[in-house]
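# Coordinate analysis (summary)
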Amino acid sequence: MIDTHGHIYLEDYDADRAEMLERASQAGVTHILCPAVSSATHDRLLELCGKYPKTSQEKRPPLTCEQSGADDNFAPTAVGVPTCRPMMGVHPTEVNGNEGWREELEIVEDHLATGRFCAVGEVGIDLHWSHDFLPQQTEAFERQIELALRYDLPIAVHCRDAWAETLAVLERYRGRNLRGVMHAFSGGMAEYQRVTALGDFVFGVGGPVTYKRNLWPELLPQMAREHIVLETDAPWLAPVPHRGERNEPAWLTYIQAAVAAILSVSEAEVDESTTQNAKRIFGL
Ligand SMILES: [Zn+2]
């Protein structure tokens, strides 16, 4: 399984990061794709992805006691752990009220030139908290789409209470081979069809698929199988039976099970198709 969206470099995991990653590995998670939010946490993101660069199938030599010092929050464990791959981008809400948002874009641009990222993300438009920064969020979104096209990378799109605005931007790039993932997808069939008409886009299914009322039982059976990927959005959006707790990639199994139940297929089938889709979009 591939967790296509997890902020596991955040402080939330400093106390038990190695154990959390081991649980993910034991649950069958081979890759965790880590979206950037702002420059305040770039160091953490890059440090994590620098230390967990190998696939869980690869054997690692056991660490000595000195190497696994407790002060090192990102120390790899002796057993296989998921490969963590970084994305790079400015989250739309980081633009709100931030006089330095254009500098943030320049930092993103410099990072992307190094060629070590699997996607531009997370980027998009979020009008949930305020409508006041729509022009800035739109410009940031567009500039980051241009970067994705320049470096031939997918985009990880965050869209909250902003479907018309987000689709208006995406549709300006029709015919440009833009590809990516609609993270934490919250639209309906109409939005699904408009996005898939633009190019190779997949849709992130996360914890909400396990909640009592959600859009997925109606939507998933109508979607093409090659459009579905799994994500946790850890530390947020924990699935039932952990709703409200700190989320973690090992709990992707609950999301996988819910998708399998809705589609009346085996969990192995969900694993296989969503893993293939994530590999295709993110070039893993
Ligand atoms: Zn996110």
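See the structure shown above.
Residues numbered from 1 in each chain as written. Predicted model: local features only at pLDDT ≥ 70, side-chain atom pairs only at ≥ 80, totals over all residues. Heavy atoms only, no water.

### Brief notes about the coordination of the zinc ion
Only His5 (NE2), His7 (NE2) and Glu122 (OE) from the protein coordinate the zinc ion, and they sit 2.0 to 2.1 Å from it. Positions of the donor residues of the zinc ion, expressed as sequence spacing, correspond to H-x1-H-x114-E. One end of the pair, His5, is in the loop between β1 (2-3) and α1 (17-26); the other, Glu122, is in strand β4 (residues 120-126), with 117 residues separating them in the sequence. (Donors = N, O, S within 2.8 Å, 3.2 Å for Na, K, Ca; no water. Helix = DSSP H or I, 4+ residues; strand = E, 2+ residues; numbered from the N terminus.)

### Topic: the packing of aromatic side chains
One pass over the structure, following the stated rule, counts four aromatic pairs. Seen from their ring centres, Phe185 and Phe203 are 4.8 Å apart, and the 75° between their planes marks the pair as edge-to-face. Here Phe185 is found in the loop between β6 (180-183) and α6 (189-196), whereas its partner Phe203 is found in strand β7 (residues 201-205), with 18 residues between them in sequence. Exposure remark for Phe185: the relative accessible area of 3% places this residue in the buried category. An aromatic cluster is built from Trp163, Phe185, Tyr192, Phe203 and Trp216, whose rings are joined through pairwise contacts. (Phe/Tyr/Trp six-rings, centres within 6.5 Å; stacked < 30°, edge-to-face > 60°. Buried < 20%, exposed > 50% of the residue type's maximum accessible area, 1.4 Å probe, protein only.)

### Overview of the nonpolar core
Ile8 and Ile155 are the most contacted members of the largest nonpolar core, which totals 72 residues. Among the elements that make up this core, the one with the highest residue count is helix α8 (residues 252-263) (six residues). Those residues within four positions of Ile155 in sequence are excluded, and the remaining contacts are Val120, Val123, Ile145, Ala148, Leu170, Leu178, Arg179, Gly180, Val181 and Phe201. (Core = buried A, V, L, I, M, F, W, Y, C linked by side-chain atoms within 4.5 Å. Contact = heavy atoms within 4.5 Å.)

### What about the sheet that holds β1?
Ordered in space as β1-β2-β3, the three strands form an open sheet in which the pairing is parallel. Of all strands in the sheet, those bounded by a partner on one side alone are β1 and β3 (83-86). The pairing of strand β2 (residues 31-34) with β3 spans four bridges and is classified as parallel. Note on β3: the bridge partner recorded for Cys34 is Pro86. This element, helix α2 (residues 42-51), spans β2 and β3 of the sheet and lies at about 145° to β3. (Pairing = 2+ DSSP bridges. Axes fitted to C-alpha atoms, helices over the stretch in contact; angles between N-to-C directions.)

### A short note on unusual backbone geometry
Cis rather than trans, the peptide bond between Ala234 and Pro235 has omega equal to 10°. One can find Pro235 in the loop between β8 (228-230) and α8. Its identity is not glycine, yet Asp233 carries a phi of approximately 60°, on the positive side. Tracing the backbone through its elements, the reader meets Asp233 in the loop between β8 and α8. In this structure, Leu237 is a non-glycine residue whose phi angle is positive, near 55°. Relative to the assigned elements, Leu237 resides in the loop between β8 and α8. Relative accessible area serves as the criterion here: at 32%, Leu237 is assigned to the partly exposed category.

### Structural notes on the pattern of salt bridges
Scanning the entire structure with this criterion turns up 14 salt bridges. Notably, a salt bridge pairs Glu142 with Arg172, separated by 2.5 Å at the nearest N-O pair. You can see Glu142 sitting in helix α4 (residues 134-150) and its partner Arg172 sitting in the loop between α5 (163-171) and β6, a full 30 residues away along the chain. Two residues, Arg179 and Asp152, come together in a salt bridge whose shortest N-O distance is 3.0 Å. In this pair, Arg179 sits in the loop between α5 and β6 while Asp152 sits in the loop between α4 and β5 (155-160), placing the two residues 27 residues apart along the sequence. On the basis of relative accessibility, which here comes to 55%, the residue Asp152 falls in the exposed class. (Salt bridge = Lys/Arg side-chain N within 4 Å of Asp/Glu carboxyl O.)

### Observations regarding the side chain of Asn247
Within the secondary structure, Asn247 sits in the loop between β8 and α8. Within the local environment of Asn247, its side chain forms a polar contact with the backbone oxygen of Trp236, the two atoms lying 2.8 Å apart. For Asn247, the side chain forms a polar contact with the main-chain oxygen of Leu237, separated by 3.3 Å. For Asn247, the residues in contact, after removing those within four places along its chain, are Tyr13, Thr232, Ala234, Pro235, Trp236, Leu237, Ala238 and Pro239. (Polar contact = N/O pair within 3.5 Å; in protein donor to acceptor, adjacent residues only side chain to side chain.)

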